[in-house]
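Results of the structural survey
For reference, the chains in residue letters:
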Amino acid sequence: MSRRVTIHDVANEAGVSVATVSKAVNGRYGIAVETSRRVMEAVDKLGYASSLVASSMRSRRTGVIGVLVADFEPFSAEILKGVSIALRESEFDLLAYSGSRQRDSTGWERRSLSRLSGTLIDGAIMVTPTVVKASSDIPIVAIDPHAGPADLPTVESDNFGGALLATRHLIQLGHRRVGFVAGRPDLRSSQLREAGYCRALLEAGIPFRQDLVRVGLYLPDTAKESTGSLLSGPERPTAIFAANDLSAIAVIERAASLGLTVPGDLSVVGFDDVPEAARLSTPLTTIRQSMQQLGEEAVGLLLALMEGDQPSEMHIRLPTALVRRATTAPPATAATRATPATA
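Residues numbered from 1 in each chain as written. Predicted model: local features only at pLDDT ≥ 70, side-chain atom pairs only at ≥ 80, totals over all residues. Heavy atoms only, no water.

Some points on the overall build of the protein
Cut-off, in case you're wondering: Only DSSP runs of H or I reaching four residues or more are called helices, and only runs of E reaching two or more are called strands; each is numbered from the N terminus. With a 1.4 Å probe rolled over the protein chains alone, any residue whose accessible area is under 20% of its type maximum counts as buried; one over 50% counts as exposed, and the rest are partly exposed. Two residues qualify as a contact provided that any one of their heavy atoms is within 4.5 Å of a heavy atom in the partner residue. Using the Shrake-Rupley algorithm and a 1.4 Å probe, accessible areas are obtained, with residue cover drawn only from the displayed protein chains.
Across its full length, the protein carries 13 helices and 12 strands. By the burial criterion, 48% of the 343 residues in the protein qualify as buried. In the protein, of all internal contacts separated by at least 6 residues, the share reaching a separation of at least 24 is 69%. As presented, the protein carries roughly 16,300 Å² of accessible surface, and 52% of it is formed by carbon and sulfur atoms.

Take a look at the structure:
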């Protein structure tokens with residue numbers, strides 16, 4: 001790799017001092033027009049970019065918005081796309097940042113903000129933060145925080161309503177033994193999805209059965225392992241609502257390993273509508289939350305705060321929708337239902 005062009009390189013190319021280059025680059029007085037022109041020609045020729053840190057020390061602005069994520073996975077990737085779209089016509093650059101979580105995953109955003117705010121970024125969007133009371137000298141917006149809306153401006157999806165739609169869909173197809181693969185118990189979004197599942201059962205007069213519930217933690221490997229006993233039991237569910245798409249895909253893979261077909265022997269509904277959901281050989285029926293719109297709405301809130309304005313809404317909840325594809329169907333009759341292999 002070639003080394004980074006420095007202010008000294010520009011000074012040598014233009015035949016001026018470093019101080020003169022600094023004045024020209026930052027548009028300060030005390031430099032002749034011809035000298036400024038020569039310096040800027042050297043800047044363009046060498047491809048020099050002034051340091052973000054040095055720039056922020058002078059003007060207290062970096063022109064950069066940070067998106068802080070715990071991990072780069074499908075949900076956060078789609079949000080980043082939305083943020084990028086919203087910033088496309090703005091003056092701001094985008095910095096996606098995931099800090100080290102070797103010691104403790106709780107409070108990762110505090111560590112990230114302490115490293116970035118005031119020197120590298122002018123504002124921050126935190127995706128699924130574990131805490132929202134993170135002190136900072138820059139504006140902050142939270143997307144889908146663990147504990148739900150607090151003092152920070154927040155953007156989230158209608159998790160309860162989406163889960164209600166998913167479970168109702170399965171019940172309307174004729175399923176009565178509807179299983180649920182839950183997400184992380186500590187997340188408000190996961191709690192709301194379980195609450196929506198329970199409400200749909202209650203509406204239909206179907207008793208809640210704890211033996212039809214497994215915890216998948218939103219992780220494919222955990223979901224696959226935890227549903228093994230659920231799918232191989234004598235009264236296995238004829239349908240499963242999984243709290244996210246990655247878990248739903250894991251359920252489908254586990255069912256296949258047991259000799260069960262989807263949707264012939266088992267109907268499956270996910271949540272999120274990540275790109276992979278539509279690419280499966282049997283495309284996944286799921287609940288769509290507009291992840292890119294979550295990012296776009298967060299940018300709108302953040303830019304208003306950065307301009308010193310009070311947003312008209314501090315807590316935004318976006319609607320969810322059922323996307324019917326190929327993994328759901330009416331339950332098979334007893335005569336055609338497959339017997340699962342040993343888990």
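A short note on empty space enclosed by the protein
Counted only if it meets this: In this analysis a 1.4 Å probe is tested at points of a 1 Å grid over the protein atoms alone, and where it fits but cannot get out there is a cavity; an open set with protein on both sides within 12 Å along at least five of seven lines is a pocket; lining residues have an atom within 4 Å of a point. Grid points are joined across faces, edges and corners, and a volume is the space filled by probe spheres set on the points. Each residue is assigned to one of three groups, with Ala, Val, Leu, Ile, Met, Phe, Trp, Tyr, Cys and Pro labelled nonpolar, Asp, Glu, Lys and Arg labelled charged, and all others, Gly among them, labelled polar.
One pass over the full model with this rule turns up 1 cavity of 30 Å³ or more. By volume, the largest cavity amounts to about 40 Å³. Lining the largest cavity are 10 residues, with T238, G264, D265, P331 and A332 sitting closest to its centre. Residue classes in the lining of the largest cavity are distributed as 4 nonpolar, 4 polar and 2 charged.

Observations concerning the environment of A195
Relative to the helices and strands, A195 is located in helix α8 (residues 188-203). Taking C-alpha positions, A195 is 6.5 Å from F160, a pair spaced 35 residues apart along the chain.

Here we look at the sheet that holds strand β6 (residues 178-182)
Our working definition: The pairing criterion is simple: DSSP has to find at least two bridges between the two strands. In this analysis, axes come from line fits to C-alpha atoms, helices being fitted only over the stretch in contact, and the angle between any two N-to-C directions falls in the range 0 to 180 degrees.
Strand order in the open sheet formed by 6 strands is β7-β6-β8-β9-β10-β12, and the pairing between neighbours is mixed. Both edges of this open sheet fall to β7 (213-215) and β12 (320-323), since each of them pairs with a single strand only. Averaged over all neighbouring strand pairs, the angle between strand axes comes to 15°, with direction disregarded. Here 4 bridges tie strand β9 (residues 267-272) to strand β10 (residues 285-289), and the two strands are oriented parallel to one another. Bridge pairing in β10 places D272 opposite R288. Here helix α7 (residues 159-172) sits on the sheet and contacts β6, β8 (239-242), β9, β10 and β12; the angle it forms with β9, its principal contact strand, is near 165°.

Considering the sheet that holds strand β5 (residues 154-157)
Paired through their backbone hydrogen bonds, the strands of a sheet run either parallel or antiparallel. Pairing within the open sheet is parallel, and its 6 strands lie in the order β2-β1-β3-β4-β5-β11. Two strands close off the open sheet at either side, each with one partner strand: β2 (93-97) and β11 (315-318). Along the sheet, successive strands turn relative to each other by an average axial angle of 20°, direction set aside. By the bridge criterion, 5 bridges tie strand β1 (residues 64-68) to β2 in an arrangement that is parallel. Paired with L68 across the two strands is Y97, which belongs to β2.

Observations concerning the side chain of S267
Here is the rule we go by: Definition of a polar contact: a pair of N or O atoms within 3.5 Å, with one able to donate and the other able to accept a hydrogen when the atoms are protein atoms, and with sequence-neighbouring residues admitted only if both atoms are side-chain atoms.
If you trace the backbone, S267 turns up in strand β9. Engagement of the side chain of S267 in a polar contact is seen with the backbone nitrogen of A329, the distance being 2.9 Å.

Considering a nonpolar patch on the surface
Applied cut-off: Patch construction takes residues with relative accessible area above 30% that form no salt bridge. Like charges are linked within 9 Å, and nonpolar side chains (Val, Leu, Ile, Met, Phe, Trp, Tyr) are linked within 5 Å. The rule for a salt bridge is simple: a side-chain nitrogen of Lys or Arg has to be within 4 Å of a carboxyl oxygen of Asp or Glu.
A surface patch of nonpolar side chains, amounting to about 220 Å² of accessible area, comprises V215, L217 and L219. You can see V215 is positioned in strand β7.

Details of the packing of helix α5 (residues 74-87) against helix α13 (residues 291-306)
Applicable threshold: Convention used here: angles under 35 degrees read as roughly parallel, angles over 145 as roughly antiparallel, angles from 65 to 115 as roughly perpendicular, and any remaining angle as oblique. Less than a right angle of anticlockwise turn of the near helix away from the far helix marks a crossing as left-handed, whereas a clockwise turn marks it as right-handed.
Where α5 meets α13, the closest approach of the two axes is 7 Å, and the angle between their N-to-C directions is 45°. Compared by their axis directions, α5 and α13 come out oblique. As for the relative orientation of α5 and α13, their crossing is right-handed in sense. Of α13, the residues touching α5 (which contributes F75, E78, I79, K81, G82, V83, I85, A86 and L87) are M291, Q292, L294, G295, E296 and V299. For the contact of α5 with α13, the residue count by class is 9 nonpolar, 3 polar and 3 charged.

Description of the nonpolar core
Put simply, the test is: Only buried residues count toward a nonpolar core, which is a set of Ala, Val, Leu, Ile, Met, Phe, Trp, Tyr and Cys residues joined through side-chain atoms within 4.5 Å.
Membership of the largest hydrophobic core comes to 24 residues, with the highest contact counts inside it found for I79, I125 and V155. When residues of this core are traced back to their parent elements, those giving at least two are β1, α5, β3 (123-127), β4 (140-143), α13 and β11. If we ignore the near neighbours within four places in the chain, the residues touching V155 are V141, A142, I143, D144, L294, E297, A298, L301, I316 and L318. Listed in part, the 21 residues of the second largest apolar core include F180, A182, F241 and F271.

Details of the packing of helix α2 (residues 18-25) against helix α3 (residues 33-46)
Running from N to C, α2 and α3 point in directions that differ by 90°, and their axes come no closer than 9 Å. With respect to each other, α2 and α3 are oriented roughly perpendicular. Together, T20, V21, A24 and V25 of α2 and T35, S36, V39, M40 and V43 of α3 make up the contact between the two elements. A per-class count over the contact of α2 with α3 returns 6 nonpolar, 3 polar and no charged.

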